[in-house]
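Overview (structure and organization)
As a plain string of letters, each chain reads:
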Amino acid sequence: MLAFISPWILGFLGFFVYPLLLSLYYSFTEYNLLQPPKFVGLTNYVNLTEDSHYLNAVGNTLYFVVFSVPLGVLTAFIIAFLLNQQLRLRVLLRMIFYIPIVVPISATAILWMWIFNSNWGLLNNLLALIGIQGPSWLGSPTWSKPSLVIMQLWLVGGSVLIFLAALQDVPRALYDAAMVDGANAVRRVWHVTIPMVTPAILFSLLTGLIAAFQTFANAWIMTGGGPIRSTEFYVLYLYENGFRFFRMGYASSMAWILFGAVVVVTVILFRTSARWVYYGGEG
Amino acid sequence: MRTQDQRLSRRTFLKVTGMGVTIAAATACAPAAAPQAGDDEAASGQPAAEQIDLDYWYIWGGQGGEGQVAGCDLFTEHNPHITMHPLTAGGVILDKTLAAFAAGDPPDLVDLILCAPLAGRGALIAVDDYIESSSVVDLENYQPAHLEAVNWAGERWGLPANEGLGWLGLARNRNLAQEAGLDEDALPTDFEELHAWAGALEEIDDDGNVQVLGMDIRGILTYPDCWSVVMGKRYFDGETFEYNFDSDEFAEALQISKSFYDRVGAEKIAEFKAAQEGQPIPSPSAAGKVGLFTGGSWTPGSLALNAREDLEFGFSFVPDGAGEGKSPFFAGTHTAMILNGSENVDAAWQFLEFTSTDEYNRRVYDVSGFIMGTKSFIESLDMSSLYPGLDFYTTGLSEGTRVWGIASDPNWYLAWDEFLALEEEVGFGTTDPGEGLQNLQEKLTTELAKVLDA
Amino acid sequence: MANIENLTTGPVAQGRTVRMSGSAVGKAFAYLAGLIAAAAFALPFFWMVSTSLKVPGDVFISPPTWIPWPLQWQTYPEAWTFIPFFSYTINTLQIAIPSIIGILFSCTLTAYGFARIRAWGRDVLFFICLSTMMIPWAVTMVPVFVIFKNLGWTGTYLPLIVPNFLGSAFYIFLLRQFFLTIPMELSDAARVDGCSELGIFARIILPLSKPVLATVTLFEFNRVWSDYLAPLIFLTRQEHFTIALGLTYFLDRDRPLWNLAMAGNTMAILPVIIVFVLAQRAFIEGITLTGIKG
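Looking at the overall build of chain A
Within chain A, the regular secondary structure consists of 13 helices and two strands. Surface accessibility of chain A: about 10,600 Å² in total, with carbon and sulfur atoms responsible for 70%.

A short note on helix H12 (residues 234-243) of chain A
Judged by how many residues are buried, H12 of chain A sits mostly within the fold: ten of ten residues are covered. Buried residues of H12 of chain A: Tyr234, Val235, Leu236, Tyr237, Leu238, Tyr239, Glu240, Asn241, Gly242 and Phe243 of chain A, and no others.

With respect to the packing of aromatic side chains
All chains considered together, the criterion is met by 83 aromatic pairs over all chains. For the ring pair Phe317 of chain B and Phe392 of chain B, a centre distance of 5.1 Å and an interplane angle of 70 degrees mean the geometry is edge-to-face. On the criterion of sequence distance, the pair formed by Phe317 of chain B in the loop between strand S13 (313-316) and strand S14 (328-330) and Phe392 of chain B in helix H17 (residues 390-399) is long-range, its members being 75 residues apart. Note on Phe317 of chain B: relative accessible area 18%, which makes it buried. Phe392 of chain B sits in the buried class, given a relative accessible area of 9%. Against the face of Trp404 of chain B rests Arg234 of chain B, its NZ or CZ located 4.2 Å from the ring centre. When the ring centre of Phe126 of chain C is taken as reference, the NZ or CZ atom of Arg176 of chain C above it lies at 4.1 Å.

Section: the pairing of strand S7 (residues 169-173) of chain B
All names here are of chain B. The element S7 is extensively covered by neighbouring structure, given that five of its five residues are classed as buried. Burial along S7 is two-sided: Gly169, Ala171 and Asn173 and Leu170 and Arg172, pointing in opposite directions, are all buried. As paired strands, S7 and strand S12 (residues 290-295) are joined by four bridges and run antiparallel to one another. Considered in S12, the bridge of Arg172 is made with Leu292. Pairing geometry for S7 and S13, over four bridges, is antiparallel. By the bridge assignment, Asn173 is partnered in S13 with Phe313.

Examining the interface of chain C and chain A
The interface of chain C with chain A comprises 106 residues on the first partner and 97 residues on the second. Between chain C and chain A, roughly 9,300 Å² of surface is buried when both sides are summed, and carbon and sulfur atoms account for 77% of that area. Summed over the shared surface of chain C and chain A, the result is zero salt bridges. One can count seven residue pairs in polar contact (both at pLDDT 80 or more) joining chain C with chain A. Looking at the side of chain C that touches chain A, the elements with two or more residues in it are helix H2 (24-52), helix H4 (85-116), helix H5 (122-131), helix H6 (137-150), helix H8 (169-181), helix H10 (197-208), helix H11 (210-226) and helix H14 (258-284) of chain C. Classifying every residue of the side of chain C that touches chain A gives 78 nonpolar, 20 polar and eight charged.

Some points on the sheet that holds strand S1 (residues 52-58) of chain B
Residues and elements named next belong to chain B. With respect to topology, five strands assemble into an open sheet ordered S2-S1-S3-S15-S6, the strand pairing being mixed. Each edge of the open sheet carries a strand with a single partner, namely strand S2 (82-88) and strand S6 (158-160). This sheet shows a mean twist of 20 degrees between the axes of neighbouring strands, independent of strand direction. Here S1 pairs with strand S3 (residues 109-112) via two bridges, running parallel. If you follow Trp57 over to S3, its bridge partner there is Val110. Relative to the sheet, helix H14 (residues 345-354) contacts S1, S2, S3, S6 and strand S15 (335-338), its axis offset from that of S15 by approximately 170 degrees.

Description of unusual backbone geometry
Cis rather than trans, the peptide bond between Trp69 of chain C and Pro70 of chain C has omega equal to -5 degrees. As for its position among the elements, Pro70 of chain C is in the loop between H2 and helix H3 (75-82). One non-glycine residue, Ala153 of chain B, lies in positive phi territory at about 50 degrees. Mapped onto the elements, Ala153 of chain B comes out in the loop between strand S4 (151-152) and strand S5 (155-156). Looking at Ala153 of chain B, the relative accessible area reads 40%, which means it is partly exposed.

Side note on helix H5 (residues 105-116) of chain A
An ideal rise of 1.5 Å per residue puts 16 Å on twelve residues; H5 of chain A measures up with 16 Å between its terminal C-alpha atoms. Burial analysis of H5 of chain A places ten of its twelve residues in the buried class, the great majority of the element.

Quick notes on a nonpolar patch on the surface
Residue and element names in this part refer to chain A. On the surface, Leu122, Leu126, Leu129, Ile130 and Ile132 cluster together into a nonpolar patch covering about 520 Å² of accessible area. Structurally, the position occupied by Leu126 is in helix H6 (residues 122-129). For Leu126, a relative accessible area of 52% corresponds to the exposed category.

What about the nonpolar core?
Phe243 of chain A together with Leu118 of chain B are the most contacted members of the largest nonpolar core, which totals 344 residues. With 14 residues, the top contributor of residues to this core is helix H10 (residues 185-213) of chain A. Among the domains, domain 1 (2-165 + 332-390) and domain 2 (169-330 + 411-453) of chain B are the pair contributing at least three residues each to this core. Setting aside chain neighbours within four positions, we find Phe243 of chain A in contact with Leu33 and Met248 of chain A, Leu94, Asp95, Leu98 and Ala99 of chain B together with Ala138, Met141 and Val142 of chain C.

Some remarks on the pattern of salt bridges
Residue and element names in this part refer to chain C. Taken as a whole and assessed by the stated rule, the structure comprises 24 salt bridges over all chains. For Arg191, the salt bridge identified is with Asp188, shortest N-O distance 3.1 Å. Within this pair, Arg191 and its partner Asp188 are both found in helix H9 (residues 184-192), separated by three residues, close to a single helical turn. Relative accessible area serves as the criterion here: at 33%, Arg191 is assigned to the partly exposed category.

Some remarks on the pairing of S12 of chain B
All names here are of chain B. For S12, the buried fraction is high: six of the six residues fall into the buried class. Where strand S9 (residues 210-215) and S12 come together, two bridges link them in parallel fashion. By the bridge assignment, Leu213 is partnered in S12 with Val290.

Details of the layout of surface pockets
A volume near 1,000 Å³ is recorded for the largest pocket. Contributing to the lining of the largest pocket are 44 residues, with Asp51, Arg247 and Tyr250 of chain A together with Lys443 and Glu447 of chain B lying nearest its centre. Elements represented by at least two residues in the lining of the largest pocket include exactly strand S1 (29-30), helix H2 (43-50), helix H3 (52-83) and helix H13 (248-276) of chain A together with helix H18 (412-428) and helix H19 (433-453) of chain B. Ranked by the residues each element gives to the lining of the largest pocket, the list is headed by H19 of chain B, at ten residues. Split by residue class, the lining of the largest pocket holds 14 nonpolar, 16 polar and 14 charged.

The rules we used
- Residues numbered from 1 in each chain as written.
- Chains lettered and ligands numbered in written order.
- Predicted model: local features only at pLDDT ≥ 70, side-chain atom pairs only at ≥ 80, totals over all residues.
- Heavy atoms only, no water.
- Helix = DSSP H or I, 4+ residues; strand = E, 2+ residues; numbered from the N terminus.
- Areas by Shrake-Rupley, 256 points an atom, 1.4 Å probe, with all protein chains shown as cover.
- Buried < 20%, exposed > 50% of the residue type's maximum accessible area, 1.4 Å probe, protein only.
- Phe/Tyr/Trp six-rings, centres within 6.5 Å; stacked < 30°, edge-to-face > 60°.
- Lys NZ or Arg CZ within 6 Å of the ring centre and 35° of its normal.
- Pairing = 2+ DSSP bridges.
- Contact = heavy atoms within 4.5 Å.
- Buried area = accessible area lost by both parts, 1.4 Å probe.
- Salt bridge = Lys/Arg side-chain N within 4 Å of Asp/Glu carboxyl O.
- Polar contact = N/O pair within 3.5 Å; in protein donor to acceptor, adjacent residues only side chain to side chain.
- Nonpolar A, V, L, I, M, F, W, Y, C, P; charged D, E, K, R; others polar.
- Axes fitted to C-alpha atoms, helices over the stretch in contact; angles between N-to-C directions.
- Expected span 1.5 Å × (residues − 1).
- Patch = residues over 30% accessible without salt bridge, like charges linked within 9 Å, V, L, I, M, F, W, Y side chains within 5 Å.
- Core = buried A, V, L, I, M, F, W, Y, C linked by side-chain atoms within 4.5 Å.
- Domains from an automatic or database assignment.
- 1 Å grid on protein atoms, 1.4 Å probe; cavity = no way out; pocket = protein on both sides within 12 Å on 5 of 7 lines; lining within 4 Å.
- Points joined across faces, edges and corners; volume = space filled by probe spheres on them.

What follows is the structure, encoded as C-alpha cells:
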C-alpha cells in the first residue's frame, strides 16, 4: 500500500506538515506577518471566547452548514437522478446544470443580487404572482443567510456530476431483479439506487461539510459579511484578521479551533457511515 | 460607442493642450533625474551600470494598469539600467504584499493608500533623508492633506503617487433635483437641510418600496476619515497616538447617520449596499434611483461613462457636522512606498522620486486618465473640459475650509472595517452608539499598544 | 483476464441508463422538472451573454433588459485585445495540463492504495489525508509560500503545478469512494491469474473508472481555469498571469467595463465547456458491471 500512496505521503510531508505545525505555533503568538511572532501562550484562544464578533461568526457558519449541506446533497441527487433517465437532450442538460460553476463568481454574484432585489428582483416578482410580499433578501439580517443558502443550492453542479458517475455504475441487473420481484419505481429507488450510491452520498456530505465550514467567497463578494455581520462567516472573519487587521496569530488560533471541530464532525460521520454506506468492493 | 467617443475626444483634447506641457516637463525633468543617477553611477563605477530589476505592485488593472506600465516604461527610458516589473495585484494587494513579505520575498515598491499600517510594523524604509537630498522632489508641490498619508511617528515613509484629488463630495442627481423643484443655488449646508432635500427627493410607493432614495448616507462613511473631517474631529491623532472614537463628535456622527437610515428603513439602505458591491458608484444612481450620494474624484468620470446618457450630476461640499459653517473636504491619495527588504533601495527611491514629476504624471494620465493631485500637474490640466463635475474635486482642495488627509493610523484597516460595521449596527438599532464606540476605542487602543511595543 | 474483460466491455454497456418505468406520466414529469430546473440553472449564462452584447449604459438598467437591441457583437473582438487574451490563455493551459496529469497520476494511485489494499494503519492515514482539507488555506498560505521561496520556485509556475503531482485530498477521497464500489471479486480473479497489484490497478480498476476519471479531469481543469487567489499570490510577473486574473482587469474602479468583462467571461469559459463535452464521451462510455454481484 505504501508504494501506492507514496505520492500523497511525499506531498503531505513536503507541503503540509511544516505549514500545519507552523500555523499551530502561530496560534500561540502575536504575529502580524511583518515582524517576528511573539509568544503569548493561550492568550489568543482565551480572547476568542470573549470576542463577540467571533462567536457571531461561529453561529452564522453553523447555520449555513446545517441548512446548505443536506439540502445541497438532496438537490444534487434529485437532479442527477432526473438526468440519468433516458431524456432527450440529456447531454445538453448535464452541461446546463454544470454551467453555474463555470461562470465566474463575479458574474454570478451580480446576477443574484438582481434576483434578490426586493423592488424589482426576479424572486419577489415570482412570489408576488402567488400573492406573497417577498422580504428584502440581502438587506435583511433575517433573510441574508437563507439567501446565500438558496444561492448555494444552485452551485451543486459538481455533486450532480459525482452522483451521475455513481448512478452510471449501478448495475442494471439489480433493477431488473427488483422489477422481477415486483418492486415499484419508488421502492426501486429506495432499495436499489440509494444504497448503491451511498458512497457518493458520503463523499458529497463530507466534502460539502468541509467546504461549508470554510465558506468564504459568497460573503466576500456579495455581502461583505453584512448586513450587521449576519453573513460574516468563520473563514471570512479569520481571513480579515490575518490579512487585513495584522492578526495572523489570532487567525491561526481560529483555524485550529475550526480544524478541531471539523475533525470531530468528520469522525462522527465516518463512524456512523459504516451503518449506511454500502461498498460493492467490500461485499 | 459613446464611451469610445468620449475617450477619443479626451485624447484629442490632450493632444492639443497637453503637448506643450509635456515637452516643457520633459525638458525640465531630464536634468533633474540625472544627479540621482549620477550618484549611483559614481558608486557602481565603470562596469556600465549593472542591470537592476525592480518589482512594483499596484492595485489597478485594465486602463489604470496600462497607465502604470506606461509610467514605468518612461522611467526605464530615462534609466536604461533599471528594468521595472509592474504588476496588478487588484483588491488583494495588501494580502499579497503581506504574504510575500512574510515569506521573505517582498516587492521593491508597492502602492497603497497610506503608509502607517506597514510603516508602524517595520516593513518600510523611511524616505526623509532621500527627500532632503533630492533635487527632484519638492514637498511644496504636494497638497498638504495628501502628505498626511505618508506619515507615521514623525517620519515620512513614501510619497503620494499616481492618483489623488479629493475623496469626498456630495453628488446630486440634477434631473431629480429639478423635478422635485429644489433650488440648486441653495445647496444643503447642514444636515437638517440635507434631510429636507432627501425628503423632497425620495419616492416611496404604496408597498413601501423605495423607488428613489433621497440620500444614500453610506457614502460619507466610506472611510472613518470622512466623518473625521465632517465632524471636525480626527478619529486618530497621529502625534499623540490616541483614538477619538469615544468623543461626542463621533457619537453625534452615528446619530446623524442613523437619522438617514431611519428615513427609509435600515434594510433598504443595506440592500443598496448589497446592490452596489462590485461597483464604484451606487448602481441605482446610475439608473437615476438615488437623489444624493457621496463619492470621490472618480465619481464624475464613472457616472459619465456608466450612467444613463440623459442624466446630469452636480457636486458640492458635504455639510459641516460641527456646525461651524465650514466646507469639509477629505483629500485622499495613493502612496508609493519602498519595502524593507528591497535589494535595491536606491533604485527604488529613484522611481519614487520620478513619480513626483509632471512628466511621469502626464504619461500616466494620458494612458489611464488617472490624475495626480500635485499642484503643478493640476495646473497643467483644464479640469472644466474633462468630465462634468470633476473640477469640483480640484477646486475643493483650495476652496475647502477644512481639508484633511487620511489618518496616519497603523490600524486604519481595522478601524475602517469596524466603524463601518458599527455604523450599520447603529442604523439597524441593534447596538447603542456610545457602547459601540467605547468598544471600538478599546479594541483599537489595544492593537495600537502592540504596534508601539514592537 | 480474458473473461474479466468480456464481463466489463461489450454489449452490456449499452443498457447503462435505467428506464424507470414505462409510465408516460412519470417520464413527462421528469421532463418538466428537468426543463424547469435547467432553465433556472441556465439563467446566469444567459444573463452573462446578454450583458456582453449591451452598450455600457444599458448594463445597470433596472429591472434588467434580457435581450439587448441592437446586439453589440464588437465587444468580443474588443475584449480579446483589451487584455492579452491569447497569451493568458496559453499561460493557463501551461498550468492546467500538467496539473491534470499530476492529479490523475498521484490521486488514482493513492486512492487505489487507500481503497483496495489492506494494510495496518491505512484508515488512520486516510483520515489524516482527509484532514488536510479541513485547515483553512488562509493560515497555511504563508508557510507554504516560505517553502516555495526556499525551493527557489517563486515567480515560476512550479508552485501551481508540482503540488498536484503529490496528491490532493479531495480527489483522493472521490476516487477512493468509487474504487471501493468495484467488486473485490474482480481483483481476486486477476490475482489468481497472476496479475500484479499494479496490473490490477492499470488494467482493471482504471478502465472501470472512466466516468469518475472524466469527472476528476473536468473538476481539475475547471479549478485551475478559475483559480484566482493562488496564481495571484504566487505569480510575480504580470506576463505570467492567467486568464482568471486577466478577467478582473475589465472592472476598474472608475471604468468598470461590464459588457467587455462579460464578453471576456463568455470567451473564457469556452475551454471549460469544450473539456466538458470531451468528458461527456467518457461518461457515455462508462461501464456498468452487470452480473458480477448476481
